[in-house]
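So you can see what is in the structure, the chains are spelled out below.
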Amino acid sequence: MSTTARPSPVVRLIPRTGATVVEPVTYTVREVAKLLGISLGSTYALVRDGTIPATRLGGRWVIPRARFHAWLDAVTEPTATGTDLGGRR
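Residues numbered from 1 in each chain as written. Predicted model: local features only at pLDDT ≥ 70, side-chain atom pairs only at ≥ 80, totals over all residues. Heavy atoms only, no water.

Of the positions making up helix 1 (residues 29-36), those classed as buried are V29, V32 and A33. One face of helix 1 carries all of its buried residues, which in axial projection span an arc of 105 degrees. For helix 1, the exposed residues lying more than 90 degrees away from the buried face are R30, K34 and L35. Positive phi appears at G37, one or two residues downstream of helix 1, with a value of about 75 degrees. (Buried < 20%, exposed > 50% of the residue type's maximum accessible area, 1.4 Å probe, protein only. Helix = DSSP H or I, 4+ residues; strand = E, 2+ residues; numbered from the N terminus. Arc of directions from axis to C-beta.)

What follows concerns the packing of aromatic side chains. If you walk through the whole model with that rule in mind, you get two aromatic pairs. Ring geometry for Y27 versus F68: centroids 5.7 Å apart, planes at 85 degrees, classification edge-to-face. On the criterion of sequence distance, the pair formed by Y27 in strand 1 (residues 26-27) and F68 in helix 3 (residues 65-76) is long-range, its members being 41 residues apart. Like Y27, the residue F68 is buried in the burial classification. On the basis of relative accessible area, F68 is assigned to the buried category, the value being 0%. Aromatic rings pair up to connect Y27, F68 and W71 into one cluster. (Phe/Tyr/Trp six-rings, centres within 6.5 Å; stacked < 30°, edge-to-face > 60°.)

Keep in mind that these numbers describe shape and distance, not what the molecule does.
If you want it as structure tokens, here you go:
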């Protein structure tokens, strides 16, 4: 028996032309925490108190993608007084 290792084959993934990318309809709390750059605990707190729009599905929280981005756009747009709508610090 030979003890020499076989070189592993190189696999290159080439995207197909015209391929459709399907984006998720919802985010998890972990994904939203990563998107916002805040801790998972803080994100759960904002979800539970209704600051971040979310829905309870079974035993999980899911954040609808469209509602999340609409909320995020509203929070990051400055008001006439120059302050953010979020108000949380």
